[in-house]
Amino acid sequence: MQIRPADPDHDAAACAAIYAPHVDPGPASFEAVPPAPGEIGRRIRTAHVWLVAVDDGAVLGYAYASEHRAREAYRFAVDVAVYVAPGAQGRGVGRGLYGALLPALAERGFRSACAGITLPNEASVRLHEAMGFEPVGVYRHIGFKAGAWRDVGWWQLDLAPDSSP
């Protein structure tokens with residue numbers, strides 16, 4: 001497995017296909033309609049970092065970091081997410097992606113990585129906690145998706161302990 005920066009022109013369709021089942025029918029994403037490859041390409045271009053895991057030319061998963069909030073004081077924090085193709089789950093793809101993404105963010109001067117996880121999602125919780133994320137809170141009944149009110153748990157990782165901006 002190779003982990004590399006995503007190419008918006010080459011990888012967008014594969015990333016869109018991996019993401020689509022999390023949007024519809026799944027509750028993991030609060031988007032209502034799976035984004036088209038063109039939109040995923042735009043997101044790749046605007047992300048702080050977007051990585052793909054590739055094996056034998058096939059994209060197995062991706063991870064990215066995006067703006068946490070627009071206000072200036074949040075400029076050292078990012079939201080992160082990882083998505084793995086169904087056939088590649090349980091093979092260390094998510095860990096490999098985060099293992100590359102998190103140090104890259106620290107090198108770019110980011111201090112905090114935040115991950116929102118629609119609950120329940122034990123696999124995602126296990127992955128994030130294995131990577132050092134700690135739970136910091138839960139938004140209760142924050143979104144209505146797939147016929148039910150959903151909670152979103154928040155996990156945070158300090159990327160640069162004891163550092164100044």
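Below, the structure is looked at part by part. The structure presented is a predicted model; accordingly, all values stated were derived computationally and were not measured.

1. Remarks on the pattern of salt bridges
- Applying the stated criterion across every chain, the model contains 9 salt bridges.
- Between Arg 43 and Glu 39 there is a salt bridge, with the nearest N and O atoms lying 2.9 Å from each other. Taken together, the residues span about one helical turn, with Arg 43 and Glu 39 both in helix H2 (residues 37–46) at a distance of 4 residues.
- A residue is classified by how much of its surface remains accessible, and Arg 43, at 22% relative accessible area, is partly exposed.
- The partly exposed category is assigned to Glu 39, whose relative accessible area is 26%.

2. Quick look at the packing of aromatic side chains
- Across all of its chains, the model carries 8 aromatic pairs by this definition.
- A ring pair is formed by Trp 50 and Tyr 64, whose centres lie 4.7 Å apart and whose planes are at 15°; its orientation type is stacked. Pair noted here: Trp 50 is in strand E2 (residues 49–55) and Tyr 64 is in strand E3 (residues 58–67), with a separation of 14 residues, a long-range link.
- The class for Trp 50 is buried, based on a relative accessible area of 7%.
- Grouped by ring-pair contacts, the aromatic residues Tyr 19, Trp 50, Tyr 62, Tyr 64 and Tyr 83 constitute a single cluster.

3. Let's talk about the nonpolar core
- Membership of the largest hydrophobic core comes to 27 residues, with the highest contact counts inside it found for Val 80, Tyr 98, Leu 101, Leu 102, Leu 105, Ala 113 and Phe 133.
- When contributions to this core are tallied by element, the ones reaching two or more residues are E2, E3, strand E4 (77–84), helix H3 (93–107), strand E5 (112–119), helix H4 (122–130) and strand E7 (148–158).
- Looking at which element gives the most residues to this core, the answer is H3, with 6 residues.
- Tyr 19, Ile 40, Ala 47 and Val 52 belong to the second largest nonpolar core, which has 18 residues in total.

4. Thoughts on H3
- Counted at 1.5 Å a residue, the expected span for H3 with its 15 residues is 21 Å, and the 22 Å between its end C-alpha atoms agrees.
- Residues of H3 that are buried include every one of Val 93, Gly 94, Leu 97, Tyr 98, Leu 101, Leu 102, Ala 104 and Leu 105, and no others. One face of H3 carries all of its buried residues, which in axial projection span an arc of 165°.
- Phi turns positive, to about 95°, at Gly 109, one or two residues after H3.

The rules behind each value
Residues numbered from 1 in each chain as written. Predicted model: local features only at pLDDT ≥ 70, side-chain atom pairs only at ≥ 80, totals over all residues. Heavy atoms only, no water. Salt bridge = Lys/Arg side-chain N within 4 Å of Asp/Glu carboxyl O. Helix = DSSP H or I, 4+ residues; strand = E, 2+ residues; numbered from the N terminus. Buried < 20%, exposed > 50% of the residue type's maximum accessible area, 1.4 Å probe, protein only. Phe/Tyr/Trp six-rings, centres within 6.5 Å; stacked < 30°, edge-to-face > 60°. Core = buried A, V, L, I, M, F, W, Y, C linked by side-chain atoms within 4.5 Å. Expected span 1.5 Å × (residues − 1). Arc of directions from axis to C-beta.

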